[in-house]
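Architecture at a glance
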Amino acid sequence: MDNPYVFDDAETRRRLNTGELYTDFGPGLEDLEEERNRGKELVERYNATSIRNPEQRAAIAAELFASFGSSWLETPIYCAYGSHTTIGDHCWFNTGTTLIDDAEIRIGNGVLFGPHVTLATAGHPLDPELRLTGAQFSAVITIEDGAWLGANVTVLPGVTIGEGAVVAAGAVVGAHVPPRTVVAGVPARIVRAIIPDDREGFRPPRTLGQD
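Definitions and cut-offs
Residues numbered from 1 in each chain as written. Predicted model: local features only at pLDDT ≥ 70, side-chain atom pairs only at ≥ 80, totals over all residues. Heavy atoms only, no water. Pairing = 2+ DSSP bridges. Helix = DSSP H or I, 4+ residues; strand = E, 2+ residues; numbered from the N terminus. Salt bridge = Lys/Arg side-chain N within 4 Å of Asp/Glu carboxyl O. Buried < 20%, exposed > 50% of the residue type's maximum accessible area, 1.4 Å probe, protein only. Phe/Tyr/Trp six-rings, centres within 6.5 Å; stacked < 30°, edge-to-face > 60°. Core = buried A, V, L, I, M, F, W, Y, C linked by side-chain atoms within 4.5 Å.

So, on to the sheet that holds strand β18 (residues 181-184). Two orientations exist for strands paired in a sheet by backbone hydrogen bonds: parallel and antiparallel. Across the sheet, 7 strands lie side by side as β2-β5-β8-β13-β16-β18-β19; this open sheet has mixed pairing. A strand with exactly one partner marks an edge of an open sheet, and here the two such strands are β2 (72-73) and β19 (189-193). Sheet topology places strand β5 (residues 92-93) next to strand β8 (residues 112-113); 2 bridges connect them, and they run parallel. The residue bridging W92 from the neighbouring strand is L112, located in β8.

Summed over the entire model, instances satisfying the criterion amount to 12 salt bridges. Put simply, E63 and R38 hold a salt bridge, and the shortest N to O gap is 3.7 Å. Within this pair, whereas E63 is found in helix α3 (residues 54-64), its partner R38 is found in helix α2 (residues 30-47), the two being separated by 25 residues in sequence. In this structure R38 comes out as partly exposed when scored by relative accessible area, which is 36%. One continuous salt-bridge network, built from bridges that share partners, spans E11, R14, R15 and E20.

Applying the stated criterion across every chain, the model contains 2 aromatic pairs. For the pair F93 and F113, a centre-to-centre distance of 4.0 Å together with 10 degrees between the ring planes defines the contact as stacked. In this pair, F93 sits in strand β5 while F113 sits in strand β8, placing the two residues 20 residues apart along the sequence. Judged by its relative accessible area of 0%, F93 is buried.

The next point concerns the nonpolar core. Judged by nonpolar contacts, the single largest core of 35 residues is most densely connected at F65, I107, L119, L149 and I161. Looking at this core, the elements with two or more residues in it are α2, α3, β3 (77-79), β7 (105-107) and β12 (141-143). Counting residues in hydrophobic clusters, the runner-up holds 6 residues, among them L16, Y22, A80 and Y81.

Looking now at the environment of V6. As for its position among the elements, V6 is in the segment before α1 (9-15). Of the residues examined, V6 reaches a relative accessible area of 42% and is grouped as partly exposed.

With that settled, the discussion passes to unusual backbone geometry. The omega torsion of the bond from T75 to P76 falls at -5 degrees, within 30 degrees of zero and hence cis. Considering the arrangement of structural elements, one finds P76 in the loop between β2 and β3. Note the cis peptide between V186 and P187, where omega equals -5 degrees. In this fold, P187 is placed in the loop between β18 and β19.

Worth remembering: the numbers are spatial, not functional.
Here you go:
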């Protein structure tokens, strides 16, 4: 029986950003597979660079990503394609950034990532029989200007993190985050708005039970 989720290259690429089901391997999809392989090879090269050679890192990043501004990514990084991701200026990503960019990942200017942030545009159907077909879906992730994602944050398919928003460490974000809000938890929920008093620096931790 034919797999209803196998399409030609053009239709598969169209579906990458729409959330519709598709498979990304098989006859006729060799160019897509080669694009993934090329991205992973460039990632290997990037991760092998020295901290003392920022020019080499910038050159590889410019080749890896669809567009890359004057930004810095600590090694190691991981990508599904790399070529489906755009990164703006003045971004700084700590170690272990993972970009599952089957769909596009659009990252603005001045974005900060803590260690081990994962942006996952791809997912699989809940139905186990449907998963056996190899079908998956993917949807665009957008990180707007000035957002800060703390350590071990995971952003799920289709989500937009609004301008200036803060995502607390360890959060799993499955819904859009409004601009200039702080969100936290699993699943992430709004904690509060960002206010003028937040211009101060470090706040010592409170003691649990003494709210």
